[in-house]
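Notes for the structure review
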Amino acid sequence: MNGPYYLIPIAFGLAIYYLLGSILVNAGVFSRQLHHKFWNYLLLLVFLGCAVLGVLLTININYKLGWGYIRTLLVWHVQLGIAMSVVALIHVLWHRGYFFRFLLPKGKTSDLDRADYRLYAFLLGLLSVSLQVLLIRQFGKVFQGNELLVTWVIGLWMVLSGVGSLLGLRIKGIAKPVATVNKALWFMYLSAVLFCFFSGSIRHAFFPSGVLIPPWYVILMMALMMAPVALTAGLIFAILTAEKAKDYQVIYATESLGSFIGGLLLSLVVIWFFNTYMAILLFGLILSFFLAYPFVSWRSYTVPIAVGAAFFTTMILKVDKIAEATLLPGQQVHLISDSPYGSVTVTGSEDQLNFYTDGTFIFGTDNPIYCEETVHYTIAQHPNPQRVLLVSGGYTGLLDELQKYEHVRVDYIEPNPHLLKICQRYIAQSGSSNIDIYKTDIRSYLRRCKVFYDVVILTLPEPSSIYFNRYYSLEFFQLLAQCTGSNGVVGFSLPQMGNYPSTNKLKAYSAVVNTVQRVFRNVEVIAGERDYLLASNAPLRVDIAQLLTERNIGLANVFVRPDFLSDDHFKLRNAFIQSQIIRDERVNTDSIPSSVLQSTLGYMSIFSRRMLWIALLASLILLLPFVLTKGGFRAMYGVGFAGSASQTLVLLSVQVISGMLYGALGMLVSLFMVGLAIGVMAHSRLNLVKIHAVRYILPATFALMLFIWLLRLYLPVWLMVAMLALANISAAFAVGFLYVEITGSGVPQLKPAQTYAADLLGSAAAIVLVTLLLIPLIGILYTIMALTLTNTVFFIKTLNVAAR
Amino acid sequence: MKRISRRDFLKRSLMAAGGLIALKHLSLTAFALDDKPWRWSREAMFYTPTPRGVRCRLCPNECTIRSGETSQCRNRVNYNGKLFSIAYGNPCAVHVDPIEKKPLYHFLPGSTTFSIATAGCNFGCLNCQNWEISQVSPRDTRNAELFPQQVVSQALLSGSKTISYTYSEPITFYEYVYDTAVIARQKGLGNVLVSNGYINEEPLRALAPLIDAANIDLKSFSNDIYLKLNAGTLEPVLNTLRVLRQENVWVEITNLVIPSWTDDFAMIRKMCQWLIANNFADVPLHFSRFFPLYKLTQLPQTPTATLIKAREIAQSCGLKYVYIGNVALPGASDTLCPSCGKLLVERKGYNANMIGLSNGKCRHCGATIPGRWS
């Protein structure tokens, strides 16, 4: 606990879960009596707890007993007091009819038959996708989420939505479905807004500032904060399909369409102009306008005007910056800016500027040692550098260092244009005509590259994720070698091996060194603030001080100067590092990202040596529904698993093969949604023969990906991306189609909410298992092979039997 | 294949899990047959058997360790009612470093020091730069075999003038340090302790006569921060500083300035005032720049301006030798004469040029500069 009392977490937690319970009551999942009974008992318990502790405290003070545990008693007395006040307030809110009547759109009846249920399905899709993306973005930033955590959280979102949908199976006739769906949509939205704005305070209440939080706490916190939104999303789908069972196909398709529009709107429009805080408020504005339509009276405008006022007030009072500042104590927040490339926060402490992307500190100004070491250790290796390629990090101060070589022509490639734009705005750079800036992916650039570089300096993040691994793979270094010629020098850095590298760190490090050594004859390491790896087919030297003297480099430097450096020290460290490298550690390739696995294991070892087993067990639990269920549920679980696995692999393949990360991924996710909608609507239009053929589409998409991966070195990139897009939309089409096939067309044989839940649970398992287990362990290629085989067997055997 | 029911599936899964747990316990007891935990162990020097287990008296944590259990520092185990250090002769890190890296600026400048560490630490600092060895047990690291006699031989071979017990926490491999220091002293080598200073007075007084120099981390001047950031307390560290001075050990102090944790100027002033009040005015104080590490990766590096202000505060309080480390700031590591202000030792990286110092005195005004200069 960071602060003395959990005021905000207790108040929020109780309020949100009370409202969630209320929605469940309205949906008919629980009786109102049970709900009231639960909160009455809770009030009684917290009252008794608070009172008993109060009496004990009084006795202790009056009779001067001096109990050692008095501070603990006092803390719990106050915590229970806070809880009691909130629960008491909730009782007052039982008379809340007036407020919710106000939110009900005018001009609409409470009968879902007469209201446009398609509007609700559309809004559900729109909201759930946008809130999911924005919340995961925000929580990832607040809790410093990495690929491992974000994947788990996406999986958990699906599980929670699936559970919400399963809860909906208990619905037995709702008196006012329109009002209930309305309330549920607003509840979903408002809890997302609250958790977005207060996530920093909640984190700060439980954890000290700047501290990496154990992954199980992160997942628990994120799950608790997402639950009200995700559970409600699943529940709304269940309400809609329960009320309009015959039209469940339309509901599913419209919801998918809403997700498509929401995804596009967010990734192609909103996120370019607004940060996460403002974007989430903007979606409230959109929701209120849709619900207020067709504006039959002046009262219809009330809610949109109120939400709009909140939006502009937040903007004027800079509430977003206040919320962000709780995350970064002691720093002044200058800017929060989002784009599809991620969220960038710029802060100031003293005269230093600090840059964060997605909550992770990436660099601070005023670090000349790093800049000088990065540039001069590499450039000094070349006898006459004329042309330098710098990849990323230019504005950390590297461009300034490069400008010390007046005759050198610099091509600077920045794969994150959003960060570049912000850096250009905040960090002054002396203008120079010998620097050309390219905003593109480095691999695409190298493929087109027609010139030879004398020196290449890479300052990219470590290979801790599948995306960043593509800058440390054999394929990448081979591309690089084509552009460096026989005397070219490549330099990049890894975190220090230090005095003792852990086994995971050593394996990850060795994998990279062995990979580089496959391509370049010589590899040396210069130990500094980081370990600077140099690679070349020409001889390399580690006596840097001597080299700087010979080449007359460093006189204008503050640290990398001949009189500052000790060649004996460099030689000792180089010998130590070379002696530690595991020479038979397998090389890092696009398809087998060895370093990613080791980095992930290294990250987990920070918290516990048993983390791997916990993670494995948790992953396998996600497979339990497949083992414990049968029939249609199991079949749909399998379909969801295959669809999600296919989508995950398409996204990762596009990242690795083409380097398109953000815009393209948004498009692919949206395409998947369109595919789902088309699949659902196409079911009734196909004859029996075609229906049987559809079930082979999913195995075929895996086979297509296998083909692409096997021939990736020979096929043009555009063709591979086009084929992956085809695989993506085909898989989605099959999932949508099989959803109807398994649920039953016309009059459903299974409850649509049930198959929807199965789909989500299968999807969650696929995302977690494919991204965190299969690919790190056996690589992308073997994962696709395994999925092709298992899916072919599943779709031929199980689905045939189970669906019918 | 025969299908199993849901109930059977759960039953079998539980039985398999139970079997695995039982197997683990059986294997642990089956392999414990020797009279000591393993080859690299030695009976601890400071402990007391109690009815609840043995109580380690080495550091203020004073762990009570039951049979088969391990101490908080991860390298002391209760083995058949006796406390053993399992970090004896098995260093996981062995390097030859410049003495300035420790950092020691007033102790044999320009010399190299043979540096060793085993796994284990009695703190749990969120910012530990050596967490891969400090937060694990010697059982989990790849170790060399280097018993005290061999350490001294290797140190002599390397041409080092001293042996440094460093990187992780030497207090937790106390017996190894003690025995090595005895032999090193006999062979004419100096002993350097780079430590968090979290040790009880009795073992400290026993070790101090063997130690020539120490760099002690004074991580903050707040008990609350010590608890939350380092899992320790302040007072034992202050006591260590006092005792080392009394025992005539050359002491230098490092204070890592971490944004939002230890960068409170009022606290820094309080710390400096305590140092002055306790006769530490002549002791070098190193303000060190923080970089995001281990579990503190969401914080930025310390601004240079903060470090400069900290140095100004320390100087205004009366501390004579205040340095700034981990930063490329001209003059930040140089030693100036407190009497005449002239440059005595110019430091560039790990290179030290004693341009204004002769036999421990300022060449310009003759003032004596505290330290062990040769």
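Residues numbered from 1 in each chain as written. Chains lettered and ligands numbered in written order. Predicted model: local features only at pLDDT ≥ 70, side-chain atom pairs only at ≥ 80, totals over all residues. Heavy atoms only, no water.

**Some thoughts on the packing of helix α8 (residues 265-277) of chain B against helix α9 (residues 304-317) of chain B**
Residues and elements named next belong to chain B. Relative orientation of the contacting elements α8 and α9 amounts to 35 degrees, with a least axis distance of 9 Å. Between α8 and α9 lies a crossing of right-handed hand. Here Phe-265, Ile-268, Arg-269, Cys-272, Gln-273 and Ile-276 of α8 lie close against α9, whose contacting residues are Thr-306, Lys-309, Ala-310, Ile-313, Ala-314, Ser-316 and Cys-317. Residues of the contact of α8 with α9, tallied by class, amount to eight nonpolar, three polar and two charged. (Axes fitted to C-alpha atoms, helices over the stretch in contact; angles between N-to-C directions. Helix = DSSP H or I, 4+ residues; strand = E, 2+ residues; numbered from the N terminus. Left-handed = near helix turned anticlockwise from the far one by under 90°. Contact = heavy atoms within 4.5 Å. Nonpolar A, V, L, I, M, F, W, Y, C, P; charged D, E, K, R; others polar.)

**Details of the packing of aromatic side chains**
All names here are of chain A. If you walk through the whole model with that rule in mind, you get 48 aromatic pairs over all chains. Ring geometry for Phe-38 against Trp-39: centres 5.4 Å apart, planes inclined by 90 degrees, an arrangement best described as edge-to-face. Look at Phe-206 and Phe-207: their rings are 6.4 Å apart centre to centre, the planes differ by 50 degrees, and that puts the pair in the tilted class. Judged by relative accessible area, Phe-207 falls into the buried class, the value being 13%. Here the aromatic residues Tyr-467, Phe-468, Tyr-471, Tyr-472, Phe-476, Phe-477 and Phe-492 are joined through ring pairs into a cluster of three or more. Here the basic side chain of Arg-118 rests over the ring of Tyr-117, its NZ or CZ set 5.9 Å away from the ring centre. (Phe/Tyr/Trp six-rings, centres within 6.5 Å; stacked < 30°, edge-to-face > 60°. Buried < 20%, exposed > 50% of the residue type's maximum accessible area, 1.4 Å probe, protein only. Lys NZ or Arg CZ within 6 Å of the ring centre and 35° of its normal.)

**Some words on helix α3 (residues 148-158) of chain B**
Residue and element names in this part refer to chain B. Residues of α3 that are buried include every one of Pro-148, Val-151, Val-152 and Ala-155, and no others. Along the long axis of α3, the arc covered by the buried residues comes to 95 degrees, so they all point the same way. Buried residues along α3 sit against β8 (112-117), β9 (162-165) and α4 (174-186). A positive backbone phi angle near 80 degrees is found at Gly-159, which sits one or two residues after α3. (Arc of directions from axis to C-beta.)

**Section: the sheet that holds strand β15 (residues 335-336) of chain B**
Residues and elements named next belong to chain B. One open sheet holds the three strands; their spatial order is β15-β16-β17, and the pairing between them is antiparallel. Looking along the sheet, the strands with just one partner apiece sit at the ends: β15 and β17 (351-353). In this structure, β15 lies alongside strand β16 (residues 343-348), joined through two bridges in antiparallel fashion. Paired with Leu-336 across the bridge in β16 is Leu-343. (Pairing = 2+ DSSP bridges.)

**Quick notes on the interface of chain A and chain B**
Between chain A and chain B, the contact holds 56 residues from the first and 47 residues from the second. When chain A packs against chain B, the two sides together hide about 4200 Å² of surface, and 51% of this comes from carbon and sulfur. For the interface between chain A and chain B, the tally reads four salt bridges. With a closest N to O distance of 3.3 Å, Glu-350 of chain A and Lys-309 of chain B form a salt bridge. The set of elements that each furnish at least two residues to the side of chain A that touches chain B consists of α5 (117-142), β3 (352-357), β4 (360-364), α13 (368-379), α19 (503-519), α21 (567-580), α22 (594-605) and α24 (624-628) of chain A. By residue number, the principal contributor to the side of chain A that touches chain B is α21 of chain A, which donates five residues. (Buried area = accessible area lost by both parts, 1.4 Å probe. Salt bridge = Lys/Arg side-chain N within 4 Å of Asp/Glu carboxyl O.)

**Looking at a nonpolar patch on the surface**
All names here are of chain A. Residues Tyr-17, Trp-216, Tyr-217, Leu-220 and Leu-224 make up a contiguous nonpolar surface patch of about 460 Å² in total accessible area. With four residues, the top contributor of residues to the nonpolar patch is helix α8 (residues 215-243). Along the polypeptide, Leu-220 turns up in helix α8. (Patch = residues over 30% accessible without salt bridge, like charges linked within 9 Å, V, L, I, M, F, W, Y side chains within 5 Å. Areas by Shrake-Rupley, 256 points an atom, 1.4 Å probe, with all protein chains shown as cover.)

**Considerations on the pattern of salt bridges**
Enumeration according to the criterion identifies 33 salt bridges over all chains in this entry. Asp-590 of chain A serves as the salt-bridge partner of Arg-443 of chain A, at 2.7 Å between the closest nitrogen and oxygen. Taken together, the positions of Arg-443 of chain A in helix α16 (residues 442-448) and Asp-590 of chain A in the loop between α21 and α22 put the pair 147 residues apart, joining distant regions of the chain. Judged by its relative accessible area of 5%, Arg-443 of chain A falls in the buried class. The exposure class of Asp-590 of chain A is buried, given its relative accessible area of 4%. Connected via shared salt-bridge partners are Arg-561 and Asp-563 of chain A together with Glu-346 and Lys-348 of chain B.

**As for the side chain of His-35 of chain A**
Looking at the element boundaries, His-35 of chain A is found in helix α2 (residues 32-62). Setting aside anything within four residues of it in sequence, one finds His-35 of chain A in contact with Tyr-18, Gly-21, Ser-22 and Val-25 of chain A.

**Describing empty space enclosed by the protein**
Rolled over the atoms, a probe as big as a water molecule pinpoints where empty space is left. All names here are of chain B. Within the structure shown, the criterion is met by six cavities of 30 Å³ or more. Here the second largest cavity defines a volume of roughly 70 Å³. In terms of lining, the second largest cavity is formed by Cys-56, Leu-58, Cys-59, Asn-61, Cys-63, Ser-71, Gln-72, Cys-73, Arg-76, Asn-122, Ile-171 and Thr-172. Along the lines of polarity and charge, the residues of the lining of the second largest cavity split into six nonpolar, five polar and one charged. (1 Å grid on protein atoms, 1.4 Å probe; cavity = no way out; pocket = protein on both sides within 12 Å on 5 of 7 lines; lining within 4 Å. Points joined across faces, edges and corners; volume = space filled by probe spheres on them.)

**Things to note about the confidence of the model for chain B**
Looking at chain B as a whole, the pLDDT averages 93, with 94% of positions reaching at least 70. Predicted complex, confidence summary: ipTM 0.89, pTM 0.84. (pLDDT = per-residue confidence, 0-100.)

**Comments concerning helix α6 (residues 223-230) of chain B**
Residues and elements named next belong to chain B. Looking at α6, one finds that the buried residues are Ile-225, Tyr-226, Leu-229 and Asn-230. End-on, the buried residues of α6 take up no more than an arc of 105 degrees, which puts them together on one face. Buried residues in α6 make contact with β11 (213-217), α7 (235-246) and α8. The opening residue of α6, the one whose side-chain oxygen lies 3.2 Å from the backbone nitrogen of Asp-224, is Ser-222. Just past α6, the residue Ala-231 takes up positive phi, approximately 65 degrees. (Polar contact = N/O pair within 3.5 Å; in protein donor to acceptor, adjacent residues only side chain to side chain.)

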